Amino acid sequence: MKRRTFIGTSAAATAGILSCNTATASSKKQDKTFLLKNNINHSVCQWCFGDIPLEDFLKTLKNLGIKAIDLIGPENWPLLKQYDINCSMCNGAEISLTEGWNNPKYHNTLIKNYMDIIPQVAAAGYTNLICFSGNRNGMDDETGLQNCVTGLQKIMPLAEKYGVVIQMELFNQIDHPDYMCDSSAWGIALCQQLDSENFKLLYDIYHMQIQEGDIIRTIQNNHQYFGHYHTAGVPGRHEIDESQELYYPAIMRAILATGFRGYVAQEFIPTKTIKINALKESFVICDV
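An account of the accompanying structure is given in this report.

How each quantity is defined
- Residues numbered from 1 in each chain as written.
- Predicted model: local features only at pLDDT ≥ 70, side-chain atom pairs only at ≥ 80, totals over all residues.
- Heavy atoms only, no water.
- Helix = DSSP H or I, 4+ residues; strand = E, 2+ residues; numbered from the N terminus.
- Contact = heavy atoms within 4.5 Å.
- Buried < 20%, exposed > 50% of the residue type's maximum accessible area, 1.4 Å probe, protein only.
- Pairing = 2+ DSSP bridges.
- Right-handed = clockwise from strand over helix to strand, strands pointing away.
- Axes fitted to C-alpha atoms, helices over the stretch in contact; angles between N-to-C directions.
- Parallel < 35°, antiparallel > 145°, perpendicular 65-115°, else oblique.
- Left-handed = near helix turned anticlockwise from the far one by under 90°.
- Phe/Tyr/Trp six-rings, centres within 6.5 Å; stacked < 30°, edge-to-face > 60°.

Observations regarding the environment of Asn 128
Item 1. Note that Asn 128 resides in strand β4 (residues 128-131).
Item 2. Here Asn 128 is in contact with Ser 88, Met 89, Cys 90, Val 165, Gln 167 and His 228, once residues within four sequence places are set aside.

Some remarks on the pairing of strand β7 (residues 226-231)
Item 1. In terms of burial, β7 is a largely internal element, 6 of the 6 residues being buried.
Item 2. Sheet topology note: the strand β6 (residues 199-204)/β7 ladder contains 4 bridges and is parallel. Within β7, the position partnered with Leu 201 by the bridge is Phe 226.
Item 3. Alignment of β7 against strand β8 (residues 263-266), held across 3 bridges, turns out to be parallel. Bridge pairing in β8 links Tyr 229 to Val 264.
Item 4. What joins β7 to β8 is helix α11 (residues 248-257), and the crossover it makes is right-handed.

Examining the packing of helix α3 (residues 54-64) against helix α12 (residues 275-286)
Item 1. Taken N-terminus to C-terminus, the directions of α3 and α12 make an angle of 40°; their axes are 12 Å apart at the nearest point. In this view, α3 runs oblique relative to α12, as classed from their interaxial angle. Read as a crossing pair, α3 and α12 show a hand that is right-handed. Between α3 and α12, the contacting residues are Phe 57, Thr 60, Leu 61 and Leu 64 on the first element and Ile 276, Leu 279 and Lys 280 on the second.

Structural notes on the packing of aromatic side chains
Item 1. For the structure on display, the rule yields 10 aromatic pairs.
Item 2. Centroid distance Phe 49 to Phe 57: 5.3 Å. Interplanar angle 20°. Geometry classified as stacked. Taken as a pair, Phe 49 and Phe 57 share a single burial class, namely buried.
Item 3. Measuring from ring centre to ring centre gives 5.8 Å for Phe 132 and Phe 171, while their planes differ by 20°; the resulting arrangement is stacked. With Phe 132 in the loop between β4 and α6 (141-152) and Phe 171 in the loop between β5 (165-169) and α8 (184-194), this pair connects stretches of sequence that are 39 residues apart. As far as the burial class goes, Phe 132 and Phe 171 line up, both buried.

Considering α11
Item 1. Among the residues of α11, Tyr 248, Pro 249, Ile 251, Met 252, Ala 254 and Ile 255 are the ones counted as buried.
Item 2. Where α11 is buried, its residues contact α9 (205-211), α10 (215-222), β7, β8 and α12.
Item 3. Looking one or two places after α11, you find Gly 259, whose phi comes out positive at around 90°.

Structure (structure tokens):
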């Protein structure tokens, strides 16, 4: 499943049938055999495990001592509160991945959506709210950049007032053809023009390895613009183990060395029979 599909169907996925691979999810006691150093603040994107009902998935995270989950909207925040799980990246204000801030025809809708949700994010005790550039559709990058600045400037005072960080995600052109925010350089230029500590980039390691590579040096040189990280294996967007080309322990050490104290969220699509075991392995790999 791709995330562009999941965003429109997450409510239905929440009501899905729990697979036999997650039989341990009902446990309410923390798994004392799964111990992490937690130098990295771990999180996970629920859409990658969309066949597991959200409440069962939260029980599993609670059992593992994982304290955060990504890409959950306001309708499910009360459930997160019930299990004391933080929403490390909120969604629900965007239109879609392809219809974003680079196109002025979407600005009125986006401004209304974000002005409505920013106070809700703060009231819930959360910090991060995702946004997207949208596709080019023939638009040149400089025009799109200026359109993003014009639109986002309308919501940044409210984000600053409420302490909410708006984060635009970087994507590659293989999975998301024509998406505009497809390079760290373009995203950094947007950050510089907005000039606000409440606007950052969601640096997706998987996407940027495909699009431009040079992951560790990019993080070292530009970490001040990165407010959140996503992981996945390359190629295939699967497990981050030795079956793929990225060496995540070194990447995590580089992130830690910058002083980063935000969240790193697993966003791989598991292929292993026991999906939760694959997730546990990914947390251990990143737990440097």
